[in-house]
Amino acid sequence: MDAHFWHQRWQSSRIGFHQQGINAHLSRFWRPLGVPEHTEVLVPLCGKSRDMHWLAEQGHPIAGFELSPLAIRDFFSEAGVIPQQQKLVHYCRWQAAGFSLYEGDFLQAETLGLRFDAAYDRAALIALPAPVRPGYAQLLARLLNPGASMLLVTLDYAPIQHASPPFAVNEVEVKRLFGADFEVSFLGGIEEGSANPRVASGECEFFNELCFSLRRR
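Residues numbered from 1 in each chain as written. Predicted model: local features only at pLDDT ≥ 70, side-chain atom pairs only at ≥ 80, totals over all residues. Heavy atoms only, no water.

Chemist: When you look at the pairing of strand β5 (residues 99-103) in this model, what are you seeing that I'm missing?
Modeler: Side chains on a regular strand alternate between the two faces of the sheet. The element β5 is extensively covered by neighbouring structure, given that 4 of its 5 residues are classed as buried. Bridge analysis of strand β2 (residues 62-66) against β5 gives 5 bridges, and the strand direction is parallel. Across the sheet, Phe65 pairs through a bridge with Tyr102, a residue of β5. Strand direction decides the pairing type here: strand β4 (residues 92-96) and β5, joined by 5 bridges, are antiparallel. Each bridged residue has a counterpart across the sheet, and for Gln95 the counterpart in β5 is Ser100. (Buried < 20%, exposed > 50% of the residue type's maximum accessible area, 1.4 Å probe, protein only. Helix = DSSP H or I, 4+ residues; strand = E, 2+ residues; numbered from the N terminus. Pairing = 2+ DSSP bridges.)

Structure representation (C-alpha cells):
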C-alpha cells in the first residue's frame, strides 16, 4: 500500500471516504450473521469509522488497523477517550474502552500472532489497487479462523477508472478473490442513481454499493 498517499489524505483532510453516519449495510446485515457477543471484530484500514462504535455497542471488542496516527487520534478524541499507547515491533497499539487500534501497515498483521472470528470491511478492499487485492484476501484468510464471519461492503460503478480509490470491486471479483477460502453470499446493494454526485455530473453511468457475507471455510 502507498503509505505516503494515505498520510497525505489525512493530513490535508481529504477524507471523503469517511462516513458521518453508520453504514446502512452494517446496521441491516450484521446481526443476521450471528456473530456471538464479545467476539473481537477485525476492522482493516479502519480510519476513524463510526461503524466501530456501533459494533462496540453490540458487545464486540474492536481490533482496527490504520496507517494514519491522525485518524486514530481523531477517533479517540471524538469519543472523548484517552488511549494508552504501546510500541510493538511493527505497530503502535492504541487502547481504550474496548478498542485496540494498531497504527501501521495492515499487511504486517500476521506478525502480531492474532486470529479472529469476525471481520468487517467497508472501505478497505476498495481502497486497494487491483495488484494488491489478492494478497489482502489471502491475508484475511490466514487471520480468520475456520467458521469466522465477515461483512464486506464494496462499490460497483461504470465507467471503471483506476487512477485513485475508491476502486470498483464487483460481485465477480469478490468471488474470484475470496471464493477459494470463503463461502461468499451477495446480501444486497444500494443503487444511488442520480442521487450520487458522480452520476449526477455524468462522470459515472451508475454508482452502487454492494454487500457480501463471507464465511471462512
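Chemist: Sorry if this is basic, but what is going on with the environment of Thr154 here?
Modeler: Among the structural elements, Thr154 can be located in strand β7 (residues 144-158). For Thr154, a relative accessible area of 0% translates into the label buried. Each C-alpha atom, one on Thr154 and one on Val174, is 8.7 Å from the other, the two residues being 20 residues apart in sequence. In this structure the side chain of Thr154 is engaged in a polar contact, spanning 2.8 Å, whose partner is the backbone oxygen of Val169. (Polar contact = N/O pair within 3.5 Å; in protein donor to acceptor, adjacent residues only side chain to side chain.)

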